[in-house]
Amino acid sequence: MKASSDTLSKVKLLPLSVKLYAGVYLGMGATLCVLLSYIWSNRLDYSFGYLVPFFALYIIYDRLPKIMAYFSEPPKEGAKSPKIACVFCDLIFGAAMLFGLIGYVFFAWLFYLSQNRGTPAFVITFCFCFISLAMAYFASETNIGGEKKSLVERLRFVSWFIFPCFIWIVAVPTFGAVEEKISLTLLGIVADVVYHFMDFLGYIVMLRGNVYNPESGSVGVADACSGIRSLTACLFAGSFLAAAMLNKLWKKIALVLLSMVFAFFNNILRALFLSFWAYENGADSIGGFVHDAAGYFVLAMTVIGLLIMVAIFQINPVPKEFREPRK
């Protein structure tokens, strides 16, 4: 607790530019929450969006000691950066900030005129993500003493903010055409897998498009059964666990990919369960509680699977006495 309070007290020593960038991030984030709250309130599949700002701030708070150490320590000796590489990164992040600001302002104005929360909301969120990452890059230029950091150190600093910057993109629907295309593709896969599995077990069932025709009545595989809704929530859960509990980049990437795999596999199990239930009890029996409980099953099993993988990733095969001390 004392270490945490000491870290917070050192925040006052940060360069003014860093405080300015932090204030802009908080202000733009608050504005984005107001804009996206309508989507989070009216679309159940994106209701987890209310957790995004809290989780993003938690990751920043959790990494605050590393951030303070970065600004307190002098540049590493011998870590010189090629001038052309520095110029290239300055141009890339500068372009990200410039075009991000232009897109943010333009689509915010478009939203104000049209009150359309579809495309403007996604583009504004997309721009905010790149503006935030660019601000992290430019804020990392010097330490408290004004000494310039090397490019490698700066890029490592930027990597600490990938989750707080880009997790917002998961909490907003993509373009309608893109989301519909992904949903239709997943629908076809789910319907095909369920049909062949039931046929293999000897059930008498016909498949016409995305509609089953068992003896008990027709059962349609709706958009919700495609898995795209649970996919976004599971992707959010996997990204947070990766950022909060893992320290290796390959482990973080693996966990995020596994969250999508688990979501897809568990959604197949959900579709199979609902299909068998409808076959035995009638098509009308899968509404209400049964349907919703099966949906929560997907998220719960995915989170459990991810926690197990986190525990596995944290296993160190090297005996404790032979490990090198962390610097």
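Relevant structure appears above.
Residues numbered from 1 in each chain as written. Predicted model: local features only at pLDDT ≥ 70, side-chain atom pairs only at ≥ 80, totals over all residues. Heavy atoms only, no water.

1. Let's talk about the overall build of the chain
At step 1: Counting its secondary structure elements, the chain contains 12 helices and 3 strands.
At step 2: Looking at the chain as a whole, 39% of its 327 residues qualify as buried.
At step 3: In the chain, 76% of the contacts between residues at least 6 apart in sequence involve partners at least 24 apart. (Helix = DSSP H or I, 4+ residues; strand = E, 2+ residues; numbered from the N terminus. Buried < 20%, exposed > 50% of the residue type's maximum accessible area, 1.4 Å probe, protein only. Contact = heavy atoms within 4.5 Å.)

2. Thoughts on the nonpolar core
At step 1: If you look at the biggest cluster of nonpolar residues, it comprises 64 residues, and the most contacted ones within it are L36, F157, I167, W168 and L255.
At step 2: For this core, the element with the highest residue contribution is helix α6 (residues 119-139), accounting for 14 residues.
At step 3: When near neighbours in sequence (up to four residues on either side) are disregarded, F157 contacts I67, Y70, F71, A136 and S140.
At step 4: Grouped together as the second largest cluster of nonpolar side chains are 7 residues, V194, M198, I268 and A271 included. (Core = buried A, V, L, I, M, F, W, Y, C linked by side-chain atoms within 4.5 Å.)

3. Observations regarding the packing of helix α3 (residues 52-62) against helix α4 (residues 64-72)
At step 1: Across the interface, α3 lies against α4 with an axial gap of 4 Å and an inter-helix angle of 50°. When the axes of α3 and α4 are compared, the pair comes out oblique. Across the interface between the two elements, I60, Y61 and D62 of α3 pack against L64, P65 and I67 of α4. (Axes fitted to C-alpha atoms, helices over the stretch in contact; angles between N-to-C directions. Parallel < 35°, antiparallel > 145°, perpendicular 65-115°, else oblique.)

4. Points about the packing of aromatic side chains
At step 1: Per the stated rule, a full pass over the model turns up 23 aromatic pairs.
At step 2: On the numbers, 5.2 Å between centres and 90° between planes, the contact of F130 with F166 is edge-to-face. Linking F130 in helix α6 with F166 in helix α8 (residues 162-166), this pair joins segments that are 36 residues apart in sequence.
At step 3: Judged by its relative accessible area of 30%, F130 is partly exposed. (Phe/Tyr/Trp six-rings, centres within 6.5 Å; stacked < 30°, edge-to-face > 60°.)

5. What to know about the pattern of salt bridges
At step 1: This structure, assessed with the given rule, holds 2 salt bridges.
At step 2: A salt bridge links E141 to K148; its shortest N-O distance comes to 3.9 Å.
At step 3: For E153, the salt bridge identified is with K149, shortest N-O distance 3.9 Å.
At step 4: Relative accessible area serves as the criterion here: at 6%, E153 is assigned to the buried category. (Salt bridge = Lys/Arg side-chain N within 4 Å of Asp/Glu carboxyl O.)

6. Observations regarding a nonpolar patch on the surface
At step 1: Taken together, the side chains of F265, L269, F297, M301, I304, I308, I312 and I315 define a hydrophobic patch exposed on the protein surface, amounting to about 720 Å² of accessible area.
At step 2: Sorting the residues of the nonpolar patch by element identifies α11 (249-281) and α12 (289-313) as the ones contributing at least two each.
At step 3: Per-element tally for the nonpolar patch: the top contributor is α12, with 5 residues.
At step 4: Relative to the helices and strands, I308 resides in helix α12. (Patch = residues over 30% accessible without salt bridge, like charges linked within 9 Å, V, L, I, M, F, W, Y side chains within 5 Å. Areas by Shrake-Rupley, 256 points an atom, 1.4 Å probe, with all protein chains shown as cover.)

7. Overview of the state of the cysteines
At step 1: Taken as a whole and judged by the stated rule, the model has 0 disulfides.
At step 2: For the unlinked cysteine C127, the closest cysteine sulfur is that of C129, found at 9.0 Å.
At step 3: The cysteine C165 is free of any disulfide, with C129 supplying the nearest cysteine sulfur at 7.3 Å. (Disulfide = S-S within 2.5 Å.)

8. Structural notes on the side chain of T302
At step 1: Relative to the elements of secondary structure, T302 occurs in helix α12.
At step 2: According to the relative accessible area criterion, T302 is buried, its value standing at 1%.
At step 3: Non-local contacts of T302, meaning those with residues more than four positions away in its chain, are made with C234, S259, F262, A263 and N266.

9. As for α12
Because each turn of an α-helix spans 3.6 residues, side chains separated by three or four positions in sequence point in the same direction.
At step 1: In a regular helix each residue adds 1.5 Å, so 25 residues correspond to 36 Å; α12 covers 36 Å between its end C-alpha atoms and thus fits that length.
At step 2: Listing the buried residues of α12 in full gives V290, A294, V298, T302, G305, L306, M309, V310 and F313. (Expected span 1.5 Å × (residues − 1).)

10. Topic: the packing of helix α5 (residues 83-114) against helix α7 (residues 151-159)
At step 1: As a packed pair, α5 and α7 sit with axes 11 Å apart at the nearest point and diverge in direction by 30°. By the angle between their axes, α5 is roughly parallel relative to α7. Where α5 approaches α7, its residues A85, C86, C89, D90 and F93 are matched on the opposing element by L151, R154, L155 and V158.
At step 2: For the contact of α5 with α7, the class distribution of residues is 7 nonpolar, no polar and 2 charged. (Nonpolar A, V, L, I, M, F, W, Y, C, P; charged D, E, K, R; others polar.)

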